[in-house]
Amino acid sequence: MTEKLNSFKKGKSLTIFITGGSSGIGYEAVLNLISLGHKIILPCKNISRANEVLINIFNQLPIKLSKKGEISTPIMDLSDLKSIDSLCSELKKKRLKIDVLILNAGLQYTGSKTPRISKQGIELTFAVNHLSHFYLTTKILSLMDRSKDPKIIITSSEVHNPDSAGGKVGAKASLGNLKGLESGLGFEMVDGNKFNADKAYKDSKLCNILFAKKLSTYLMSKKLSMPVIAWAPGLVISRNSGGFFRYSRKYNQLGQILFAFLARDILRITISNKKAGLILSDLACISKYKKSGFNYYSNKIISSGKFIFEKSDISKDAQREDLSDHLWDLSNFLIDKIIK
């Protein structure tokens, strides 16, 4: 389904493909980007969700906006590799040009004692947060070759780093030697251990950065000048039932409410979806973020209610080239077993 938000456009209009754009940070970024006159491709899981998102966007855009972009909401289930394959095939037939690829979707269901499984039999956090984005990128790169100014942005998190404030709480991110991933379909955790929902999320954010680094190296080896940006928005807690923690609330609603009140309203260590969405739209559009190669940025808290968004260091594990190489190879191998 495609709808045009009519009006004239000033400046360069980009075609931006974004996952996780139907809620939270991604949704706010989409509102900003359309307002700036950019064309958005926002895949949704089903037609019902696509229609809901379009209605919400039309209702929230300023009525007197003098320049608006265009949005399409094709159907793609990010938890299903074959669904990704189907949409990418359609996009290639249309010979579209993608200027910016934003891999923003993220799943967390902390509190669950048992793993949820994707349609291909893969633990859902790893499937959605890493493997599907890995596959989507490989399928869509040929469309980005058509752009004169391509860019890839990956939403990660500071919890990938065991030395960060969030990374120190609970189980710490660690992929070990990827024994779980090496075993093929059916693993509960990438490191081969028993399922831990909190650690699964942190591990997936570490995978995001390892993938971003290896992707940048791969692109440079192909003489493709393309910025690859990984970023951490900080702790984002919305005031409604949507947003990032919507799945985790199902397992511990009271605990989530109390945590949100303490972090957001008392300590003031959180950022809103709207502010984080503005950062994401800036990453897509502003010239200061056009530097080729891999870069990691983090929205760091400097005092209660105050943040600074700056280039940051990644964890020791995220710096390991052997780990990024192994993750890349095993991800390719697992996908090849599934997509035949």
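All figures in this text were calculated on a predicted structure; none of them were measured in a lab.

Draft legend 1. Structural view of the overall build of the protein. Scanning the protein from N- to C-terminus turns up nine helices and nine strands. Residues classed as buried in the protein amount to 53% of the 340 residues present. Restricting to contacts in the protein with at least 6 residues of sequence separation, those with at least 24 account for 77%. Accessible surface for the protein amounts to roughly 15700 Å². Of this, 52% is attributable to carbon and sulfur atoms.

Draft legend 2. Spatial organisation of the pattern of salt bridges. Considering all chains together, one arrives at 14 salt bridges under this definition. Salt-bridge contacts for Asp77 lead to Lys119; the nearest nitrogen and oxygen are separated by 3.8 Å. Of this pair, Asp77 sits in the loop between β4 (70–72) and α3 (81–93) while Lys119 sits in the loop between β5 (100–103) and α4 (124–144); the two residues are 42 residues apart in sequence, bridging distant segments of the chain. Take Lys119: its relative accessible area is 60%, and that puts it in the exposed class. Salt bridges sharing partners connect three or more residues here, namely Lys12, Asp149 and Lys290.

Draft legend 3. The arrangement of the pairing of strand β2 (residues 15–18) in detail. On β2, burial covers both faces: Thr15 and Phe17 on one face and Ile16 and Ile18 on the other are all buried. Crossover β2 to strand β3 (residues 39–41) through helix α1 (residues 24–35) is right-handed. Pairing of β2 with β5 involves three bridges; the strand directions are parallel. When the bridges of β5 are listed, Phe17 appears paired with Leu101.

Draft legend 4. Summary view of the packing of α1 against helix α8 (residues 273–285). Put simply, α1 and α8 touch, their axes get as near as 7 Å, and they point 55 degrees apart. Here α1 is positioned oblique relative to α8, judged by the angle of their axes. As for how α1 packs across α8, the hand of that crossing is right-handed. Where α1 approaches α8, its residues Gly24, Ile25, Glu28, Ala29, Asn32 and Leu33 are matched on the opposing element by Asn273, Lys274, Ala276, Gly277, Leu278, Leu280, Ser281, Ala284 and Cys285. Partitioned by chemical class, the residues of the contact of α1 with α8 number eight nonpolar, five polar and two charged.

About the thresholds
- Residues numbered from 1 in each chain as written.
- Predicted model: local features only at pLDDT ≥ 70, side-chain atom pairs only at ≥ 80, totals over all residues.
- Heavy atoms only, no water.
- Helix = DSSP H or I, 4+ residues; strand = E, 2+ residues; numbered from the N terminus.
- Buried < 20%, exposed > 50% of the residue type's maximum accessible area, 1.4 Å probe, protein only.
- Contact = heavy atoms within 4.5 Å.
- Areas by Shrake-Rupley, 256 points an atom, 1.4 Å probe, with all protein chains shown as cover.
- Salt bridge = Lys/Arg side-chain N within 4 Å of Asp/Glu carboxyl O.
- Right-handed = clockwise from strand over helix to strand, strands pointing away.
- Pairing = 2+ DSSP bridges.
- Axes fitted to C-alpha atoms, helices over the stretch in contact; angles between N-to-C directions.
- Parallel < 35°, antiparallel > 145°, perpendicular 65-115°, else oblique.
- Left-handed = near helix turned anticlockwise from the far one by under 90°.
- Nonpolar A, V, L, I, M, F, W, Y, C, P; charged D, E, K, R; others polar.

These figures capture arrangement, not role.
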